[in-house]
Amino acid sequence: MHDTRDELLSRALHAAVVMLLLTSVHHAYGAYVYATLWRLHVVIVAGLTALALWGAAHVVRHRPAGLARTIATVTFCLVDFIMPVAGIGLFEGGYNHLLKNALYFGGASPQVMTRLFPPPAYELPGDWFFEGTGILQFVVGAFAAYRLYRFTRDGMHPPR
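My aim in this report is to walk through the structure given alongside it, one point at a time. Worth saying up front: this structure is predicted, and the values here are computed from it rather than measured.

### With respect to the overall build of the protein
Counting its secondary structure elements, the protein contains five helices and zero strands. For the protein, the spread of C-alpha atoms along the three principal axes comes to 60 × 30 × 20 Å. The burial tally for the protein puts 38% of its 160 residues in the buried class. By sequence separation, contacts in the protein at least 24 residues apart represent 74% of the contacts at least 6 residues apart. Surface summary for the protein: the accessible area is close to 9000 Å², and the carbon and sulfur share equals 72%. Positive and negative charge centroids in the protein, built from 12 and 9 side chains respectively, lie 9 Å apart.

Here is the structure:
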């Protein structure tokens, strides 16, 4: 039995929202523990992204085939890919945390670390919760990417 378009869309939306919630917790915690209030902007961006995804998903579910649903589907896919998958999962989770921790604990020189992760935008690993939730963003991002892929592969063109 094949999953319906709505089921695949819901799964992609839920994975994206979990990513946005995780990154909100991660950045709010980082703002507090490192006294870097500028990190809190991510909470606002995550909230706006969630609203955009929910709105697009709502149109996809409730509009008949046509221009509005097509625009909403493309919007959903682009916003999901750009923010939760690529922006947060790949860049924030993969580069900012997974790679940073791998290099740091792998013995990279302070010069390499400073060049690739310049302060004050980056913190060297020193807080397990911050780094753990940062790396978890990569894992959840991979899951969100898979859910988005399933929606684009099977949900946009249901079997006849």
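Once the structure has been displayed, the description carries forward.
### Topic: unusual backbone geometry
Backbone geometry follows two general trends: most residues other than glycine have a negative phi, and most peptide bonds adopt the trans configuration. Look at the link from P119 to P120: it is a cis peptide, with omega at 5°. With respect to the helices and strands, the residue P120 is situated in the loop between helix 4 (110–116) and helix 5 (128–155). Backbone geometry at A35 places phi at a positive 50°, although glycine is not the residue there. Along the chain, A35 falls in the loop between helix 1 (5–33) and helix 2 (41–62).

Criteria and thresholds
- Residues numbered from 1 in each chain as written.
- Predicted model: local features only at pLDDT ≥ 70, side-chain atom pairs only at ≥ 80, totals over all residues.
- Heavy atoms only, no water.
- Helix = DSSP H or I, 4+ residues; strand = E, 2+ residues; numbered from the N terminus.
- Buried < 20%, exposed > 50% of the residue type's maximum accessible area, 1.4 Å probe, protein only.
- Contact = heavy atoms within 4.5 Å.
- Areas by Shrake-Rupley, 256 points an atom, 1.4 Å probe, with all protein chains shown as cover.
- Lys, Arg positive; Asp, Glu negative; His and termini not counted.
- Charge placed at Lys NZ, Arg CZ, Asp CG, Glu CD.

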